[in-house]
Amino acid sequence: MKLALIFLNGYYDLRQPEFYKTEIEWGLDHDYPLICADGGIRLFHELNQSLGDRYSPNLLIGDLDSCGSLADRLSASTMQVVGEWVGKTDKDYTDGQLAVTHAINECGATGIIIYGGLPRPGEYETDHFLGNLKLMCFGRRIRQQSDSENSKKKAHAWRAEMRDVFQTIHFVVSELNLTRRNDGLQRVSLHAEQANVRVKDSDNLRWSLAGLRVDPELGNALRNEFLPNADSAAVRLAPDSDPMYVIHNWYVT
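For clarity, every value in this text was computed on a predicted model and none was experimentally measured.

Asker: When you look at empty space enclosed by the protein in this model, what are you seeing that I'm missing?
Answerer: A water-sized probe rolled over the atoms picks out the places where empty space is left. For the structure on display, the rule yields two cavities of 30 Å³ or more. Of the voids in this model, the largest cavity is the one considered here, and its volume is about 40 Å³. As for the largest cavity, its lining consists of His191, Ala192, Val214, Asp215, Pro216, Gly219 and Asn220. Its residues assigned to classes, the lining of the largest cavity comprises three nonpolar, three polar and one charged. By volume, the second largest cavity is sized at about 30 Å³.

See the structure below:
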């Protein structure tokens, strides 16, 4: 799959700069496009300041109201800057939606990895987080529209994640394989927004998910965890199931 790395104007845990450095280098090694949605460019600035590197995205997109002077610096560089979109002006599309749409339609991405999607502490950005979470589903819809003749096949080829230092939120359309990230507790939580979410089976989780229906109206997170000695775990949806979110958290207090 061709992935695009999308950097939003949200929370980055800069106490852990090596995480973001590793992710950016991973994207560069695979020739994945690095796309900043407006203020997401600040991550690259902060990394360059703290680590003495010269990382930069391939593209800066959005209305550029959160970039400050960084937008002027980029305009003089080799970065592509897209600040005007015909038919998607003002607040018709968010900067994140612009980034996802560009990744699929212009870069041919079949999946997205999102960074900076969590709300910044003290900013009360719950609305932004919920919108950012929806970007993974939004991207799948754009992907289906761009390949309407094979939409069903393409839908199951879609991959979307929201990554942070100690957790990843996966948008699962078929199956998901998870890898242990450290020696601590590996939490796995399920969340559904659509009515027909049914799990076929699971591997290496403390409580089996076989045959489980995830009811979006109950509001419970259905928290599970890796078996103590398991290096990996898996969740597989029933063939006709709607997608769901799976949160893998490995934070150690």
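Read on, since the account is not over.
Asker: Honestly, the sheet that holds strand 10 (residues 199–203) in this entry has me stumped. Any pointers?
Answerer: Sheet strands pair by backbone hydrogen bonding; their relative direction is either parallel or antiparallel. Ordered by their spatial adjacency, three strands build an open sheet running 8-12-10, and the pairing between neighbours is antiparallel. Two strands bound the open sheet, and with one partner strand each, they are strand 8 (175–179) and strand 10. Pairs of neighbouring strands in the sheet enclose a mean axial angle of 10°, with direction left out of account. Bridging between strand 8 and strand 12 (residues 232–237) involves five bridges; their strand directions are antiparallel.

Asker: Where do I start with unusual backbone geometry in this structure?
Answerer: Glycine aside, residues mostly have negative phi, and peptide bonds are mostly found in the trans state. Here the phi dihedral of aspartate 38 falls at roughly 55°; this positive angle occurs in a residue that is not glycine. The topology assignment puts aspartate 38 in the loop between strand 2 (34–37) and helix 2 (41–51). Overall, aspartate 38 belongs to the buried group, its relative accessible area being 1%. Look at asparagine 204: it is not a glycine, yet its phi comes out positive at around 60°. Positionally, asparagine 204 belongs in the loop between strand 10 and strand 11 (223–225). Under the relative-accessibility criterion, asparagine 204 is labelled partly exposed at 35%.

Thresholds, definitions, all that
Residues numbered from 1 in each chain as written. Predicted model: local features only at pLDDT ≥ 70, side-chain atom pairs only at ≥ 80, totals over all residues. Heavy atoms only, no water. 1 Å grid on protein atoms, 1.4 Å probe; cavity = no way out; pocket = protein on both sides within 12 Å on 5 of 7 lines; lining within 4 Å. Points joined across faces, edges and corners; volume = space filled by probe spheres on them. Nonpolar A, V, L, I, M, F, W, Y, C, P; charged D, E, K, R; others polar. Pairing = 2+ DSSP bridges. Helix = DSSP H or I, 4+ residues; strand = E, 2+ residues; numbered from the N terminus. Axes fitted to C-alpha atoms, helices over the stretch in contact; angles between N-to-C directions. Buried < 20%, exposed > 50% of the residue type's maximum accessible area, 1.4 Å probe, protein only.

Purely geometric stuff here, so don't read any function into it on its own.
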